Amino acid sequence: MKHRLRLVVVTLAVVLAAVWGWQRLSRSPASGALRAWGTIEATEVNVASKVPGRITQLLVDEGAEVTAGQVVARLDAAEMDAMLAQARATVAAAQARLTMAERALRAQRNQASAAVAQAEAQIQAARARVPQAEIAQTWQAQIVTAQVEQASAQVAAAEHAVDVARANTAAIEASLVRAQQDLQRVEQLYRDGAVGAQQVDAAQAQVKALRAQRDAAAAHEAVAARQVRQAHAALQAAETNRLQVELRAQDASIADAQMRQAQAGLRAALVAYDVVSQREQEVVAARAQLAQAQATLRLTQAQYDNTILRAPAAGLVITKSAEIGDVVAAGQRLFAIARLDRVWLRVFVSEPDLPHVRVGQPTAVYVDAFPGRPFAGTVSEISQQAEFTPRNVQTREERVKLVFGVKIMLENPERFLKPGMPADAEIAITPERSGS
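Since we're looking at a predicted model, the values are computed, not measured.

Colleague: Describe the overall build of the chain, listing the residues and the values that go with them.
Modeller: Summing up its helical and strand segments, the chain has 5 helices and 13 strands in all. By sequence separation, contacts in the chain at least 24 residues apart represent 80% of the contacts at least 6 residues apart. As displayed, the chain offers around 25800 Å² of accessible surface, 54% of which is attributable to carbon and sulfur atoms.

Right, here's the structure in full:
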């Protein structure tokens, strides 16, 4: 109620001042200026709460000057404190989950890479063993074949030598029998005196020589028989070596099986990359959860910051609309602040004098608080519509009563000028434009 009464009084004062100023408006030919009266005004900005809450502190009052960003009020932030702590804990938990997910991903990648590398190495080793085993099998088969062929040839040669030795022994035996028979006839003839002793000696020498040949042939036959046995033994050994060929074939089969096993191991190792993909998705999800938690924290922090009300601009507090303990709604105004860096004076010019006023004209403004001191100003705006007099008045006597609002921007570096101050303005007039 108090605020409404103050607003009515201020409004009435402004209206009366405007009417009085229009009535006092005069032209001073000696000074070449239009004189008018008005009230200092300023841009007003409101300090309003963005969130609902109970006021716990009001740090400024009406008439106080504030700086931009200065804390002017506080709301109860107990719930916001709890929500902020909860949001921070959620961010910490999300960060921990992300860290764990990233560690699990790195471990899975290392494990999968190691398994794949091991499987690939096994494949390479198995691939190398397969041709080696096949070459060893072929080489062993060739060696065994050559050994068997050689042993078979040795057996054949030894058996042929035995046959030759036996035939030679038989021939010598036959010759020895004939020589012994001849020796008996010669000895009989010698006893009968039919032959001489020389023939008996020759027959004996022949028998003796044939016996020696028979013994030599028998020894040669024994050697040949022994060689036959050795050749058969070598052949049997060569045949036995065919087992080595089968072993080499088994080695080749084993190497091939090992390669297939290594390939299967590689496929199994590659499956580990599917787990890596799952871990990557878990990391993405954890990052999203962290981002969401951080966004919630920022939102909660912003809501907490909204419980601290700050002046949006430097200026003068002209209205206080709440008290400590009041519960305010979002958007409800607590203070009105007039920006002292943007003040102006609004005066009124009659229609006949309007052609002498231009935007940009210099103006001197005087206030009672600083008598004799002019404040520099500039005409910044001229109203396009008359005020106080109806527009449909047609007579010249009535039209001269029409007035137009003129806005004069003022320099106020020392912030001496305050809203509501009465002020006089002297507008330097310009000659009327031709044709006006």
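Colleague: Pulling in residues and values, what's your account of the side chain of Thr363?
Modeller: Looking at the secondary structure, you find Thr363 in strand S10 (residues 362-367). Assessed through its relative accessible area of 6%, Thr363 is described here as buried.

Colleague: Mind laying out the packing of aromatic side chains, listing which residues take part and the relevant values?
Modeller: The full count for this structure, using the stated rule, is 2 aromatic pairs. Between Phe370 and Phe375, the aromatic rings sit 5.9 Å apart at their centres with planes inclined by 70 degrees, giving edge-to-face as the arrangement. Classification of Phe375 as buried rests on a relative accessible area of 5%. The rings of Phe370, Phe375 and Phe416 are connected pair by pair, giving a single aromatic cluster. We note Lys407 situated over the ring of Trp344; from NZ or CZ to the ring centre the distance is 4.0 Å.

Colleague: Summarise the sheet that holds strand S8 (residues 327-328); cite the residues concerned and give the values.
Modeller: With antiparallel pairing, the 4 strands of this open sheet are ordered in space as S6-S5-S3-S8. Whereas interior strands pair on both sides, the edge strands pair on one side only; in this sheet they are strand S6 (308-310) and S8. Inspection of the sheet shows strand S5 (residues 71-75) paired to S6 by 3 bridges, in the antiparallel sense. Residue pairing across strands places Val71 opposite Arg310, the latter belonging to S6.

Colleague: Any details on the pattern of salt bridges? Residues and values, ideally.
Modeller: Summed over the entire model, instances satisfying the criterion amount to 13 salt bridges. When the shortest N-O distance is used, the salt bridge between Glu426 and Arg35 registers 3.7 Å. Of the two residues, Glu426 is situated in strand S13 (residues 422-428) and Arg35 in strand S2 (residues 33-48); the sequence distance between them amounts to 391 residues. The class of Glu426 is partly exposed, set by a relative accessible area of 26%. Looking at Arg35, the relative accessible area reads 37%, which means it is partly exposed. Across the pair Glu323 and Lys320 runs a salt bridge, and its minimum N-O distance is 3.6 Å. Its relative accessible area of 18% is what places Lys320 among the buried residues. Linked by salt bridges that have partners in common, Asp61, Lys320 and Glu323 make up one network.

Colleague: A description of the environment of Asp215 should follow, citing residues and the corresponding values.
Modeller: Secondary-structure assignment places Asp215 in helix H3 (residues 197-240). Sequence spacing of Asp215 and Thr169 is 46 residues, and the spatial spacing of their C-alpha atoms is 8.4 Å.

Colleague: Hey, could you go over the pairing of strand S11 (residues 375-387) for me, with residue numbers and the actual values?
Modeller: Taken together, the 4 bridges between S10 and S11 define a ladder with antiparallel strand orientation. Each residue of the ladder has a partner; that of Thr363, found in S11, is Gly377. Both S11 and strand S12 (residues 403-410) contribute to a ladder of 7 bridges, which runs antiparallel. In the sheet register, Glu387 faces S12, and the bridge partner there is Val403.

Colleague: Please set out the environment of Gly331 residue by residue, giving values where relevant.
Modeller: Within the secondary structure, Gly331 sits in the loop between S8 and strand S9 (333-350). Judged by relative accessible area, which is 54%, Gly331 ranks as exposed. Sequence separation between Gly331 and Val47 is 284 residues; the distance between their C-alpha atoms is 9.0 Å. Contacts of Gly331, omitting those with residues within four sequence positions, involve Ala48 and Ser49.

Colleague: Residues and numbers for the nonpolar core, please.
Modeller: The biggest cluster of nonpolar side chains holds 23 residues, and the ones touching the most others in it are Ile40, Leu345, Val347, Ile408 and Leu410. Counting only elements with at least two residues in this core, the list comes to S2, S9, S10, S11, S12 and S13. With residues up to four places along the chain from it excluded, the contact list for Ile40 reads Val343, Trp344, Leu345, Leu410, Leu417, Lys418, Pro419, Gly420, Met421 and Ala423.

Colleague: Lay out the confidence of the model for the chain with the relevant residues and their values.
Modeller: The share of residues in the chain with pLDDT of 70 or more is 88%, and the mean pLDDT across the chain is 82. Ranking the elements of the chain by mean pLDDT puts helix H1 (residues 2-24) last with 40 and S5 first with 95. Here residues 1-31 is a poorly scored stretch, pLDDT under 50, and it has 28 contacts once near neighbours within four places are set aside; other chains count. Here residues 389-395 is modelled with pLDDT under 50, and outside its nearest four sequence neighbours on either side it reaches 8 contacts, counting other chains as well.

Analysis parameters
- Residues numbered from 1 in each chain as written.
- Predicted model: local features only at pLDDT ≥ 70, side-chain atom pairs only at ≥ 80, totals over all residues.
- Heavy atoms only, no water.
- Helix = DSSP H or I, 4+ residues; strand = E, 2+ residues; numbered from the N terminus.
- Contact = heavy atoms within 4.5 Å.
- Areas by Shrake-Rupley, 256 points an atom, 1.4 Å probe, with all protein chains shown as cover.
- Buried < 20%, exposed > 50% of the residue type's maximum accessible area, 1.4 Å probe, protein only.
- Phe/Tyr/Trp six-rings, centres within 6.5 Å; stacked < 30°, edge-to-face > 60°.
- Lys NZ or Arg CZ within 6 Å of the ring centre and 35° of its normal.
- Pairing = 2+ DSSP bridges.
- Salt bridge = Lys/Arg side-chain N within 4 Å of Asp/Glu carboxyl O.
- Core = buried A, V, L, I, M, F, W, Y, C linked by side-chain atoms within 4.5 Å.
- pLDDT = per-residue confidence, 0-100.

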